[in-house]
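# Per-entry structural report
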Amino acid sequence: MATAYRLWEILERARTGRFMDEDDFLPKRFTPTLKKLIKQYEIKYDPKNPCPSDDAMADRIWQAAWDLFRDVGYYNTDSHRIIEVTDAEIKEALYMANDQYWVGGGKDARLWKHRTVEDKTPPFCIMSPDITVDEKYHQSMCMAYLKEPLLDGLCGPILEETFGHLIESGGPSEISGCIQHIYNQKMAARLLGRPGTFMVAVGTAEHDSGQIAVSDDNWGVQKTDSRLVGSLTEFKTADTLLNRALHYAQYGCFTGNLTGAIYGGWCGGSEGTAVTTVAYSLIGLMIHGAIYNQHFPFHLNYCSNTTRELLWAISMAGQAMARNSKLLYTSNGFANAGPMTEMLFRETAVHAMVSTVSGWHLWEMASARNKYRNRATPLEARLGIEAGHAVANQGMSRAEVNEIANRLLATYEDHAVDAPMGSEYQECYDVAKAVPTQEHLDMYRRIKDEIAALGVKFPY
Amino acid sequence: MSLEQLSKFVEDGESDSARELAETLLVNGANPIEMIEMLTRTMAHVGELFAKLDIFLPEIMMAGDALGGVVKVLGPYLEKAGGRQCKGKVVIGVVKGDLHEIGKNIVKLLLETSGFVVKDLGYDVDPLTFVKEAETMGADFIASSSLMTTTMPRQKEIIEILKDKGIRDKFKVVIGGAPTSQLWADKIGADLYCYDAKSAPERMVSILETSH
Ligand code: B12
């Protein structure tokens, strides 16, 4: 845990901090402060440039995010109290944060390092469908992702059933589902000969109890792996979430901070979404002791982040963190369209390229608005990650990516509302062998060629 | 100063100005029924702007608060004019085990701004709490949100508790949340399923009307 030395002081503040009625926290404290800071730091969304090259604005966003966290704090809904930190504590935490970690085990371990804007080092790539799947496809899907050459880490699909029983939140079926989840993920990695692969697990755990049940270095989530702590949107937490932060720290695995600032919600528009996203990285570091932050800012109506108002926010937030900190953070794509559609491939590539050049690591790819069971496959993530590697290897500039993004956006942005749902995993993959169908591969190849024609030099 | 100005204050979320102007207008003999009708149209317009995200959640919240302030001032006048409108009383919450509260908050807001009285039970709410709170409030509706297949069974439990207590007919049960569906509503015997927040107020009014 990055800030373990402060763990107990922070947890104590969750009980003793300033009292506030939850109903007032967002309308009276969070949003007015955010609005004031956006004005004060002259942060302005520019729809023409989904991937802007504005260093000065990136730095102002960083400063606004810092002020936002310091002035607003983080609200515990169980105690109705605000956890507050000082400038000195933020500085200390940023000084103490490592800029790199070895994650995963044995020969499969990987070095995960901070990236800068327009960095030539390829991003660290976590792949995840981010959705639930039928029990009968779970292991196959884990295997299919692990067959991806550029995968550095896996966050497996989520189970809704365990041995034919519906998983019910907080009950024994959840505990069992969580164990099944990690077994499937680890078994897939072992059968494939990459047993030490870094894993983020288990998404099936809805409660702290589910997470705690799978902490085991022999058969479960190992210390070389990672788990996530979420927030309640925006800037709120609860004891069940803090319990996770504590357990992960005491167990000794890598903690990730999971947040999705909502465009259209309490953050307002693109400016607020960017500032809030950056501030969440500070929250992750200081309150959850996260070694990395996993961000999925999304559009309130579409539940996606591949349209320009979100790309701008992602790009600016990435640049702000890349230029002003040495933290690690992943950009989690959320697409409108579903699997085996040209739109999904294009959305993923744009998300990955804009994120990569802006200093992010990648976490790809939630599809079909992250809503529908079985609707995600490794192939869209593959294209995104290949595009990310290409952008880094080539040393592309933000301006070049901006232009490519605008060209690709023109093909899909009008369809954010009525995006095609696409197909399910078992329609795009041979489930037994965990390989894509020819039809799916052909579509992937076609869009890859189309993007290559725009000047993207894929590694292979 | 006019009704148009009042409508503008509400739209802009200027609570104090809206309340003061409403008081002045009423003292000077403005028709309270006309006023509430006008403001209902204003709120519908604000709701449409929000649906397109031409404005964001904080703005519609502020407009809702401003409207709430005016409605308080209007209350006694409306009662005298025989036009007091409460479209229905609702208890709303996110079911036990579920922390996804954003959708529920939007539904609550749209219900309040369309003239429902709403009691918000928050998230991670026990099925029995829904029922007890509805009884205490004398609610017309029990509205529950579930965002996960793993918490959907709690929506069913609300209905089972109502049946076991012999009070199923006293409340209309409304459900929503991304994984829920008309099919699920039929299966558990809910009275209404809404795909989104926008459609909820009108559809809730209509099921209450048809049952009277
Ligand atoms: C944001 C989000 C989060 C945030 C929630 C923040 C918060 N304070 O609410 C955080 C990061 C905390 C989170 C945590 C988790 N999440 Co989550 N999350 C989402 C996500 C991406 C969006 C939900 C959302 O807010 N949408 C926007 C709102 C406006 O839409 P909505 O809620 O659907 O509401 C609309 C309508 O449905 C309707 N409506 C809603 N309720 C009601 C009620 C009534 C009465 C009516 C009439 C209408 C109505 O009106 C609303 C407006 O139109 C969804 C995916 C998705 N696309 O839904 C996953 C999702 C719900 N999460 C999921 C999971 C698995 C989790 C975690 C378990 C992850 C983990 N391992 O930690 C935890 C669960 C914690 C818990 N115990 O609840 C899964 C659930 C899978 C399942 N089993 O069904 C989903 C579906 C993602 C996926 N595809 O796998 N999550």
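Here's a quick rundown of the structure. Not measured: the values here are computed from a predicted model.

Attention now goes to the packing of helix α3 (residues 55-72) of chain A against helix α4 (residues 87-96) of chain A. Describing two packed helices takes the angle between their axes plus the distance from one axis to the other. All names here are of chain A. Remark: α3 packs on α4, axes separated minimally by 10 Å, with the N-to-C direction vectors making an angle of 125°. With respect to each other, α3 and α4 are oriented oblique. The element α3 and its partner α4 pack so that their crossing is right-handed. Residues Trp-62, Trp-66, Phe-69 and Arg-70 of α3 form the contact with α4, whose participating residues are Asp-87, Ile-90, Lys-91 and Leu-94. Per-class residue counts for the contact of α3 with α4 are 5 nonpolar, no polar and 3 charged.

Our focus in this paragraph is the sheet that holds strand β1 (residues 88-94) of chain B. Residues and elements named next belong to chain B. Spatially, β2-β1-β3-β4-β5 is the arrangement adopted by the 5 strands of the open sheet, whose pairing is parallel. In this open sheet, the two edge strands, each paired with only one partner strand, are β2 (116-120) and β5 (192-193). Alignment of β1 against β2, held across 5 bridges, turns out to be parallel. Residue pairing across strands places Lys-89 opposite Val-117, the latter belonging to β2. Sheet strands in contact with helix α6 (residues 127-137) are β1, β2 and β3 (141-145), and its direction is about 160° off that of β1.

This next bit is on the pattern of salt bridges. Summed over the entire model, instances satisfying the criterion amount to 45 salt bridges over all chains. Three or more residues joined by partner-sharing salt bridges are found here, namely Asp-55, Asp-59, Glu-118, Arg-323 and Arg-398 of chain A.

Right, let's get into the pairing of strand β19 (residues 329-334) of chain A. Residues and elements named next belong to chain A. The buried count for β19 comes to 6 of 6 residues, which makes it a mostly enclosed element. Neither face of β19 is left uncovered, since the one carrying Tyr-329, Ser-331 and Gly-333 and the one carrying Thr-330, Asn-332 and Phe-334 both have all their residues buried. Here β19 runs beside strand β20 (residues 361-366); their pairing, made up of 4 bridges, is parallel. Within β20, the position partnered with Phe-334 by the bridge is Ala-366.

Residues and elements named next belong to chain A. Counted according to the given criterion, the structure contains 0 disulfides over all chains. Cysteine Cys-142 shares no disulfide, and the gap to the nearest cysteine sulfur, in Cys-155, comes to 9.6 Å. You can call Cys-142 buried: its relative accessible area is 0%.

Criteria and cut-off values
- Residues numbered from 1 in each chain as written.
- Chains lettered and ligands numbered in written order.
- Predicted model: local features only at pLDDT ≥ 70, side-chain atom pairs only at ≥ 80, totals over all residues.
- Heavy atoms only, no water.
- Axes fitted to C-alpha atoms, helices over the stretch in contact; angles between N-to-C directions.
- Helix = DSSP H or I, 4+ residues; strand = E, 2+ residues; numbered from the N terminus.
- Parallel < 35°, antiparallel > 145°, perpendicular 65-115°, else oblique.
- Left-handed = near helix turned anticlockwise from the far one by under 90°.
- Contact = heavy atoms within 4.5 Å.
- Nonpolar A, V, L, I, M, F, W, Y, C, P; charged D, E, K, R; others polar.
- Pairing = 2+ DSSP bridges.
- Salt bridge = Lys/Arg side-chain N within 4 Å of Asp/Glu carboxyl O.
- Buried < 20%, exposed > 50% of the residue type's maximum accessible area, 1.4 Å probe, protein only.
- Disulfide = S-S within 2.5 Å.

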